[in-house]
Amino acid sequence: MSQTAELSSPVATTPPEPTTGTRFGRWPSTAVSAVVLLLSVAFFLTTAVRADLPAGAAVLALLGLVVTQLLPGVLVWRCVRPNRGWWIEDVMMGLAVGFMLAIGAQIVAGLLQWPWLSAALPVALAVALLAIPRTRARIRRVRTSALPLWWMPAVAATSLFGLQDLRQYYNREPLEWTSGFRAPYIDAYLHLAMSGQLQHRGPISFPWVENAPMAYHWFSHAWIAQVATVSGAGLDEVLFRFMPALMPLAIVLVVAIAAVRITGVAWTGPVAALLCIAGGELNLFGLTTLGYPMAPLSPSLAPSVPLLIAIVILLVFRWRNQMGRVGLLLIPLLALTASGTKGSTMPLVVAGVGLAFVAMILFDRSRLKGLVLDGVLTAGALIVALVVVFQGSDSGLHVQFHDAAMSTPAINRVGELTTTSMAFASIVAVLGIFARGTGLLWRFKTAEGRRDPVAWLLLGGGFAGAAAVAVFAHPGSSQYYFARTAGPLLAIGSAVGLLTMVRELKSRWWRAVAVGLVLGPFFVLLPIWTIGVIQPNHGGLIHATKMIAVGLAVLVVAGAIAWFLTPRMRLTAFFAAITVAILAGGVTMVTRVQIEAAPVLPLKPVKSTAYLAVGTEQIAAARWIRDHSDVNDLVMTNRHCTTPIEPKKCDSRRFVVGAFSERQMLVEAWTPTVEANRRGPEGRDSITVDYWKPEILQLNDSFVAQPDAAKAQQLKDLGVRWIYVEFTRPHAATLEPFAKERYRNGSAAVYEFTKAG
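Right, let's walk through the structure included here. (Residues numbered from 1 in each chain as written. Predicted model: local features only at pLDDT ≥ 70, side-chain atom pairs only at ≥ 80, totals over all residues. Heavy atoms only, no water.)

### Let's talk about the pairing of strand S7 (residues 634–637)
Then, number 1: Alternating residues of S7 divide into Leu-634 and Met-636 and Val-635 and Thr-637, and every residue in both groups is buried.
Then, number 2: Pairing of S7 with strand S8 (residues 664–665) involves 2 bridges; the strand directions are parallel. Of the residues in S8, the one forming a bridge with Leu-634 is Gln-664.
Then, number 3: This β-α-β element, S7 to helix H25 (residues 656–661) to S8, shows right-handed connectivity.
Then, number 4: The sheet contact formed by S7 and strand S9 (residues 720–726) spans 4 bridges and is parallel. Across the sheet, the residue bridging to Leu-634 is Val-720, located in S9. (Buried < 20%, exposed > 50% of the residue type's maximum accessible area, 1.4 Å probe, protein only. Helix = DSSP H or I, 4+ residues; strand = E, 2+ residues; numbered from the N terminus. Pairing = 2+ DSSP bridges. Right-handed = clockwise from strand over helix to strand, strands pointing away.)

And the structure:
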């Protein structure tokens, strides 16, 4: 099949496959692609090493991932994929499957407290697949084709759009600093504490408060724990450096190969990759609204993308009659894993399958029976995750149109807060997010496209992610993760639709594309240059309307130029130029923001009492507990709030001791938990609710401030073994003779309840 071949029929019995696109043959192309991939991995890991990741930890973590995740995952994928495929597809989808296997292995290893199972279980699966004659034959039989020489360099180049985010993150979250206090991101140590819980004890409870069920999307934390366990790297090294470094490359590659799998045309891969990582949330107001499908501050977002795309590709196999029963089993397993990795993932897939079902009622009823099963598998996995993983908790997410509108980027720039201004801000936000998928609309221009459930899946999932920001509210504005999760679906959808557009224009396609690429930047920049950026609380709806009018005028001009340049296909060229201009505008906005963004400097020293302040000596004391205690020991501390104040109506997101001791706390923090969300249902009030066991909190803090034998015995009866005393909060000069001092520095002390104490 040629590089500009048409989309295959949605009922094709074999997948579309591009040729190498070069006279040099298959093996040189494969070799060049492999070298580019290895160099790209090395480059991104080097950025982490240059920040502060030990080179040895980077190498060991990568080896652990390859042996215990990638190898078993690739073998499983080759057992279920069609006979024809590409080696990079095996790698990227194998990475998604390996992620799933690593999580399952770590759950078992953590619960049983047998760390060796983290590596043994996935490796044993790989050995079994190679040992069983039937699976071994299937693995060896599938064909692996080469992609063009230019494909891997083109896709890898798009990952550089994520480089600035990484560097800023490295400065924002240092692994360590020489002395004094810094104020890292508020949830950084929440994620570290959860990773420790998953490494040592499994998903029993939140580590910062005893007997609080771990109702959260914690699967990525299990992945971090698995990599740390099999490699020997530190949890913080894997969480803050190794995982983020790999994500830009992983995201663009998995999106690119998915576009190629769906279309059979190589150039759709780099286009989808570029739109995914650089096709930001479009706006004409000069606002910063990046829409990366990665956010290093949230370690659950980026890892969910390979899982999401793997599920989409399995559904593509299903709808093209290219998958057997084993693959059918893989759909709910990956769906459950995706749900537990990021809660915003599977609702989009379910929405997409639902829209495909409705569309097939109109266009192809022969598919309805299969789509019912797909709906059961995907929705069923989501329901299981809600019950088992989230344990019925909504984590503070709730339907609230007013609060959702108040979180939109334009809300404080469109004048007084009225129903009209809030509706305007919400609509602009939804359309801006969906703009990345504009190209997908071309797919529905043809009867074939309207009968293709894949197109409706991408449309439904993409629009659901965009619409979620206008419907849902969350204490941390996490409803926007729906939009970020939808980004890869919209990017792939645009690449799929652009192929239809090119096919419609035939040899004249380049004229409309050239016009759109040239005028696309003006679509987003001219309103800023002529009208000016809307300032907070100034300008209002009139100013915003003027900016939109200028942008629309640019689109009309682009369409008009394409109209005159393409006499025989005027109307098609008109809309083609507009489509390309919209997509190019999104890339322009991201590029502009990256160019103009001020660099994030390393964290500056702060006072010990500053918001979120944590000191090197405080971390050292917690790590001393980690190195001298049993994984099941219970720890208490006298600090609970983001500032060292009385724990009443305070922001209780203090996770330092649980994070660096890697032990279960009696009570350090109590947000986010099911009970906190229940007591603070209106959103951010869940962050400042009081602890619901005041007698425990009183006993905990009063013993540190005024110790006596009775309190010591009560705490022992509760199972407390270690006492972490932070000097920013009231404390006695010593807790002896009731507890024995084991460690002390300038900021904290550690005591132990012993049998003799």
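After that view, the rundown keeps rolling.
### Observations concerning the state of the cysteines
Then, number 1: Applying the stated criterion across every chain yields a total of 1 disulfide.
Then, number 2: The residue that forms a disulfide with Cys-641 is Cys-650, at a sulfur-sulfur distance of 2.0 Å. Residues Cys-641 and Cys-650 are joined by a disulfide whose S-S torsion is about -70°; by sign, that bridge is left-handed. The pair Cys-641 / Cys-650 is uniform in exposure class, with both members buried. (Disulfide = S-S within 2.5 Å.)

### Here we look at the environment of Cys-641
Then, number 1: Secondary-structure assignment places Cys-641 in the loop between S7 and H25.
Then, number 2: C-alpha separation for the pair Cys-641 and Ala-669, spaced 28 residues apart in sequence, amounts to 7.2 Å.
Then, number 3: Excluding its chain neighbours within four sequence positions, the residues that come into contact with Cys-641 are Glu-646, Pro-647, Cys-650, Asp-651, Ser-652 and Arg-654. (Contact = heavy atoms within 4.5 Å.)

### Notes on the nonpolar core
Then, number 1: If you look at the biggest cluster of nonpolar residues, it comprises 234 residues, and the most contacted ones within it are Ile-88, Trp-151, Tyr-189, Trp-223, Leu-253 and Ile-723.
Then, number 2: Here this core takes 22 residues from helix H10 (residues 235–263), the largest share from any one element.
Then, number 3: Setting aside residues up to four positions removed in sequence, Tyr-189 forms contacts with Trp-177, Pro-184, Phe-240, Val-614, Ile-619, Phe-655, Val-656, Ala-659 and Phe-660.
Then, number 4: If you look at the next biggest cluster of nonpolar residues, it comprises 9 residues, including Phe-424, Val-428, Ile-528 and Met-547. (Core = buried A, V, L, I, M, F, W, Y, C linked by side-chain atoms within 4.5 Å.)

### Considerations on the packing of aromatic side chains
The geometry of an aromatic ring pair is captured by two quantities: the separation of the ring centres and the angle between the planes.
Then, number 1: In this structure the tally under the stated criterion is 20 aromatic pairs.
Then, number 2: When the centroid spacing of 6.3 Å and the interplanar angle of 75° are considered together, the rings of Phe-206 and Tyr-216 count as edge-to-face. Within this pair, whereas Phe-206 is found in the loop between helix H8 (188–200) and helix H9 (219–231), its partner Tyr-216 is found in the loop between H8 and H9, the two being separated by 10 residues in sequence.
Then, number 3: For Phe-206, a relative accessible area of 0% gives the class buried.
Then, number 4: Here Phe-444 and Trp-456 contribute two aromatic rings whose centre-to-centre distance is 4.3 Å and whose plane-to-plane angle is 45°, an arrangement assigned as tilted. You can see Phe-444 sitting in the loop between helix H17 (419–434) and helix H18 (447–450) and its partner Trp-456 sitting in helix H19 (residues 453–471), a full 12 residues away along the chain. Across the pair, Trp-456 and Phe-444 agree in class, each one buried.
Then, number 5: Each residue in the set Phe-206, Trp-208, Tyr-216 and Phe-655 is aromatic and connected to the rest through ring pairs, giving one cluster. (Phe/Tyr/Trp six-rings, centres within 6.5 Å; stacked < 30°, edge-to-face > 60°.)

### Re a nonpolar patch on the surface
Then, number 1: Together, Val-108, Leu-112, Trp-114, Trp-116 and Leu-121 make up a nonpolar patch on the protein surface, roughly 500 Å² of accessible area in all.
Then, number 2: Relative to the assigned elements, Trp-114 resides in the loop between helix H3 (87–112) and helix H4 (117–131).
Then, number 3: On the basis of relative accessible area, Trp-114 is assigned to the partly exposed category, the value being 45%. (Patch = residues over 30% accessible without salt bridge, like charges linked within 9 Å, V, L, I, M, F, W, Y side chains within 5 Å. Areas by Shrake-Rupley, 256 points an atom, 1.4 Å probe, with all protein chains shown as cover. Salt bridge = Lys/Arg side-chain N within 4 Å of Asp/Glu carboxyl O.)

### Overview of the pattern of salt bridges
Then, number 1: Within the structure shown, the criterion is met by 25 salt bridges.
Then, number 2: The residue Glu-741 makes a salt bridge to Arg-744 at a minimum N-O spacing of 3.0 Å.
Then, number 3: For Arg-744, a relative accessible area of 37% gives the class partly exposed.
Then, number 4: Overlapping salt bridges bring together Arg-443, Glu-448, Asp-452 and Arg-503 as one network.

### Describing H9
Then, number 1: Taking 1.5 Å per residue as the helical rise, H9 with its 13 residues ought to reach 18 Å, and the 18 Å between its terminal C-alpha atoms agrees with that figure.
Then, number 2: In terms of burial, H9 is a largely internal element, 11 of the 13 residues being buried.
Then, number 3: Regarding H9, the residues found buried are Phe-219, Ser-220, His-221, Ala-222, Trp-223, Ile-224, Ala-225, Gln-226, Val-227, Ala-228 and Ser-231.
Then, number 4: Directly after H9, the chain includes Gly-232, whose backbone phi takes a positive value near 85°. (Expected span 1.5 Å × (residues − 1).)

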